[in-house]
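Structural features, examined
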Number of protein chains: 2
Amino acid sequence: MDHAPFLDAAYAQARKSYDEGGLPIGSVLVASSGTVLGEGHNQRVQKGSPILHGEMDCLQNAGRRASYRDTVLYTSLSPCMMCSGTIVQFGIPHVVIGDVENFTGNVPFLESQGVVVEVIPHTPSMDLMRRFIAEKPALWNEDIAEE
Amino acid sequence: MDHAPFLDAAYAQARKSYDEGGLPIGSVLVASSGTVLGEGHNQRVQKGSPILHGEMDCLQNAGRRASYRDTVLYTSLSPCMMCSGTIVQFGIPHVVIGDVENFTGNVPFLESQGVVVEVIPHTPSMDLMRRFIAEKPALWNEDIAEE
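Given the structure is predicted, the values throughout are model-derived calculations rather than measurements. (Residues numbered from 1 in each chain as written. Chains lettered and ligands numbered in written order. Predicted model: local features only at pLDDT ≥ 70, side-chain atom pairs only at ≥ 80, totals over all residues. Heavy atoms only, no water.)

Quick word on the sheet that holds strand 5 (residues 116-119) of chain A
All names here are of chain A. Using the following cut-off: Only when DSSP finds a minimum of two bridges between them are two strands counted as paired. Numbering of helices and strands runs from the N terminus, with a helix taken as a DSSP run of H or I at least four residues long and a strand as a DSSP run of E at least two residues long. Whenever a helix is involved, its axis is fitted only over the stretch in contact; in every case the axis is a line through C-alpha atoms, and angles between N-to-C directions fall within 0 to 180 degrees. A contact between two residues is defined here by any heavy atoms of the two lying within 4.5 Å.
Pairing is mixed in the open sheet, where five strands are placed in the order 2-1-3-4-5. On the outer flanks of this sheet lie strand 2 (36-41) and strand 5, each paired with one strand and no other. Neighbour-to-neighbour, the strand axes of this sheet turn through a mean angle of 15 degrees, independent of strand direction. Of the strand pairs in this sheet, strand 1 (residues 26-31) and strand 3 (residues 71-75) are connected by five bridges, and their pairing is antiparallel. When the bridges of strand 3 are listed, valine 28 appears paired with tyrosine 74. In the packing of helix 1 (residues 4-19) onto the sheet, contacts are made with strand 1, strand 2, strand 3 and strand 4 (94-97), and the angle to strand 1 comes to roughly 145 degrees. Of the strands in this sheet, strand 1, strand 2 and strand 3 touch helix 3 (residues 54-62), which is tilted by about 140 degrees from strand 2.

Here's what the structure looks like:
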């Protein structure tokens, strides 16, 4: 499967959120057939939700599933511990990440739990996240519970 | 702080969900002053959401917070890896669990991350969860992504 279109789609979600005044982090859940099962972005600002990170909003939008065994999760930014725990609990076997520079996340934890992690630097995602952190550092710190 | 009223409140949320046809797992977030900050229950059936476990629904209902340092999370059933990752990411320092028999959860992981975990067996929560698993095993397996 060519990852580029799905990293672009995760970025499009991030960009949509940024344009709405929210955190620019987006995610896409894709079946190994290439079918998009769900998309989403951080909803802290838009819905006042502390749990709807990009990955969580995407999984919520994908709805109830009996299995995630045949899926790949794309995310514009490396998953935090909430989202990493969710990936492990749901049994998502494969994660593709566009940015581990602005937030390193929990790649070793995911790998220790048997998740295949690919980091494919996605320049628009990285540039947008860097710009956002510079513009709204307090909002970013709130999102990752940094005091 | 006396834990019993808050474990009872988590059970009341679980019971409400059971009566609605949903999964009987509830949670309450409490400030160390004793103020209830949020309550919630599993919403897989009610809202069609795979991510709204009891703890997650509770945290969503508590809304945006700058810090969780001064909070205790009560839950009727031991947290899964999604909810455990969230507890760690949010910096919730203290978790009180009413049932580790019907689902063992991830107590060692939480403790390895510095979370204080207290298990206080809550008979009504345990009895209700046992009854639910016997009545709707497929729904329970879906909730924990067991195939």
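After that view of the structure, there is still more to cover.
As for the pattern of salt bridges
All names here are of chain B. We apply this condition: One speaks of a salt bridge when a side-chain nitrogen belonging to Lys or Arg is within 4 Å of a carboxyl oxygen belonging to Asp or Glu.
Throughout the structure, instances matching the rule amount to 16 salt bridges over all chains. With a closest N to O distance of 3.0 Å, lysine 16 and glutamate 20 form a salt bridge. Note that arginine 44 is salt-bridged to glutamate 142, the shortest N-O span being 2.8 Å. Highlighted residues: arginine 44 in helix 2 (residues 44-47) and glutamate 142 in helix 7 (residues 137-143), separated in sequence by 98 residues.

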